[in-house]
Amino acid sequence: MLDALQKALEQREKDGLLRQRRLLDSPQAEHIVADTKPYLSFCSNDYLGLANHPKLIAAMQQAAGIAGVGSGASGLVTGHHRYHDDLEKQLAKFVNLPAALLFSTGYMANIGVLGALVGRGDAIFADKLNHACLNDGGYYSLAEFNRFAHNDVAALESLLKTSTAKHKLIAVDAVFSMDGDIAPIPDYLALCEKYDAYLYVDDAHGFGVLGEHGAGSLSHFNLQSPRIIMMATLGKAAGVAGAFVAGQQVVIDYLIQTAKSYVYSTPAPPALSATLSASVNIIAQGDALRAHLYALIALLKAELNLTKWQLMPSITSIQPLLIGDNFEAVRVSRFLQAKGILVPAIRPPTVPKNTARLRISLSAAHSKADVMRLMSALHEAEKEFS
Ligand SMILES: *Cc1c(COP(=O)(O)O)cnc(C)c1O
């Protein structure tokens, strides 16, 4: 087996697909120290700049002093601390759904929820560009797994029309992590009503950024329905770690009994929940942060004026620049890096073949000057590579 692993790694390197980790020696922020060098970073999902927020650092220190550092046991044994419970109630209220349940990560949430809600005889309908963990959750659930073309409502409808599955669950990213575009969630909800299906929305990149007071994609579309179950991660705009699922009380009660990644897993430390409660307060009062973030997005879209590469259509903080070729994407990323700017090159299998891209992610922590610096480096890169 070890020889096979070595060969597979060598093949990845030949294909320009070998990934390398950078070693960070600073907090996650817009200016970071990676591999011992200072960089202006457009790499993180810390969209509101909360990962290094002084109020949250203080909240974590204080909560650790009160609740200790470990959860100690599964939530169903003695691991469900008041801090967890308070955060669940606060999150449910914030996203305007009856109840919520915390998971240690978004990956675990998707696997747990899909595995619990559907199984043999049921069917999942998933966008082709969904995040990997929704695919894994689908696979693990043993439900029939149907994928439809990206954001293609008609394709989804033709699948639903002919489905004979007992329970039908449409599972989609609300904001696509490598594209930044938003799913047509209202159309999906209409299909749910027409075909007696349910909608599972992964709002990893909408929570904190979109909607009224940052409540996320459901708020952005002003949607409410007992057919909706949502998930959002808490390590992106919320700046900490973890995830929650929210929906009808009966759904949450059922998940507490049956979602294996909840039942058989130790919850994140209670101090993290206390930190997240403080983070949700900042998000809820963060209209000025979001206004600044949207001004930066508008600046990039208005003033980045390239001919060779184009920004993909996105109104969110994820602004991918389509390059196409794997090696060229890496070369442009390295060119920027030599100028002290980090923008990751995203290649297959994370994105479809021939659509390698630079994933520019903007944060409220960036200044206008930061975005201007990125744009002028990209204009130089275009000259260099044409
Ligand atoms: C990041 C992400 C996840 C996984 O969340 P983690 O908390 O990082 O495990 C799930 N879904 C989407 C769409 C994501 O972008």
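Chemist: Before we go on, may I ask you to explain the domain arrangement of the protein in this structure?
Modeler: The parts lose accessible area when they come together, and the size of an interface is often stated as this lost area. Along its sequence, the protein is carved into domain 1 (20-48 + 286-385) and domain 2 (70-284). Facing 24 residues of domain 1, the contacting portion of domain 2 comprises 22 residues. When domain 1 packs against domain 2, the two sides together hide about 1,600 Å² of surface, and 59% of this comes from carbon and sulfur. Linking domain 1 with domain 2 are 1 salt bridge, by the criterion used here. Note that Arg357 is salt-bridged to Asp179, the shortest N-O span being 3.2 Å. Where domain 1 packs against domain 2, one counts 14 residue pairs in polar contact (both at pLDDT 80 or more). For the side of domain 1 that touches domain 2, the secondary-structure elements that each account for two or more residues are α13 (287-303), β11 (318-324) and β14 (356-361). Here the element with the most residues in the side of domain 1 that touches domain 2 is α13; it accounts for 5 residues. Across the side of domain 1 that touches domain 2, the residue classes break down as 13 nonpolar, 6 polar and 5 charged.

Chemist: Can you help me understand the nonpolar core in this one?
Modeler: Note that soluble globular proteins tend to have their nonpolar side chains buried in a common cluster. Counting 84 residues, the largest nonpolar core has Leu199, Phe207, Phe244 and Leu378 as its most contacted members. If you look at the next biggest cluster of nonpolar residues, it comprises 25 residues, including Ala143, Met231, Ala243 and Val245.

Chemist: How do you make sense of the sheet that holds strand β8 (residues 228-233) when you look at a structure like this?
Modeler: Within a sheet, adjacent strands bond to each other through the backbone by hydrogen bonds, running parallel or antiparallel. Spatially, β3-β9-β8-β7-β6-β4-β5 is the arrangement adopted by the 7 strands of the open sheet, whose pairing is mixed. Edge strands, defined here as strands with exactly one partner in the open sheet, are β3 (99-103) and β5 (144-148). The mean angle between the axes of side-by-side strands here comes to 20°, regardless of whether they run parallel or antiparallel. Pairing analysis gives 5 bridges linking strand β4 (residues 123-127) to β5, with the strands arranged parallel. Within β5, the position partnered with Asp127 by the bridge is Phe148. Together, β4, β5, β6 (168-173) and β7 (197-202) form the strand contacts of helix α6 (residues 132-141), whose direction differs from that of β5 by roughly 150°.

Chemist: So what exactly am I meant to see when it comes to the pairing of β4 here?
Modeler: Taken residue by residue, a regular strand's side chains alternate between the two faces of the sheet. The element β4 is largely enclosed, with a buried count of 5 among its 5 residues. On β4, burial covers both faces: Ala123, Phe125 and Asp127 on one face and Ile124 and Ala126 on the other are all buried. After leaving β4, the chain enters α6 and then returns to the sheet as β5, a path that is right-handed. Taken together, the 4 bridges between β4 and β6 define a ladder with parallel strand orientation. Looking across to β6, one finds that Ala123 is bridged to Lys168.

Chemist: What exactly am I supposed to notice about unusual backbone geometry here?
Modeler: Leave glycine aside and you will find that most residues have negative phi; peptide bonds, for their part, are mostly trans. The residue after Pro348, namely Pro349, is reached through a cis peptide bond having omega 5°. Along the polypeptide, Pro349 turns up in the loop between β13 (345-346) and β14. Its identity as a non-glycine residue notwithstanding, Asn222 has a phi of 55°, on the positive side. Tracing the backbone shows Asn222 in the loop between α9 (217-220) and β8.

Chemist: Got a minute to help me understand a nonpolar patch on the surface in this structure?
Modeler: A contiguous nonpolar patch, built from Met1, Leu2 and Leu5 and spanning about 390 Å² of accessible area, is present on the exposed surface. Within the element layout of this structure, Leu5 appears in helix α1 (residues 2-14).

Chemist: Looking at this structure, how should I read the site of the ligand?
Modeler: Around the ligand sit 13 residues, and of these Gly106, Tyr107, Asp202, His205 and Lys236 come closest. Between the ligand and the protein, one listed contact pairs an oxygen atom with a backbone N or O atom of Gly106 at 2.7 Å. For the ligand, an oxygen atom lies 2.7 Å from a polar atom in the side chain of Lys236. Taken by itself the ligand offers 380 Å² of open surface, and the protein chains cover 83% of this.

Thresholds applied
Residues numbered from 1 in each chain as written. Predicted model: local features only at pLDDT ≥ 70, side-chain atom pairs only at ≥ 80, totals over all residues. Heavy atoms only, no water. Domains from an automatic or database assignment. Contact = heavy atoms within 4.5 Å. Buried area = accessible area lost by both parts, 1.4 Å probe. Salt bridge = Lys/Arg side-chain N within 4 Å of Asp/Glu carboxyl O. Polar contact = N/O pair within 3.5 Å; in protein donor to acceptor, adjacent residues only side chain to side chain. Helix = DSSP H or I, 4+ residues; strand = E, 2+ residues; numbered from the N terminus. Nonpolar A, V, L, I, M, F, W, Y, C, P; charged D, E, K, R; others polar. Core = buried A, V, L, I, M, F, W, Y, C linked by side-chain atoms within 4.5 Å. Buried < 20%, exposed > 50% of the residue type's maximum accessible area, 1.4 Å probe, protein only. Pairing = 2+ DSSP bridges. Axes fitted to C-alpha atoms, helices over the stretch in contact; angles between N-to-C directions. Right-handed = clockwise from strand over helix to strand, strands pointing away. Patch = residues over 30% accessible without salt bridge, like charges linked within 9 Å, V, L, I, M, F, W, Y side chains within 5 Å. Areas by Shrake-Rupley, 256 points an atom, 1.4 Å probe, with all protein chains shown as cover. Near = heavy atom within 4 Å.

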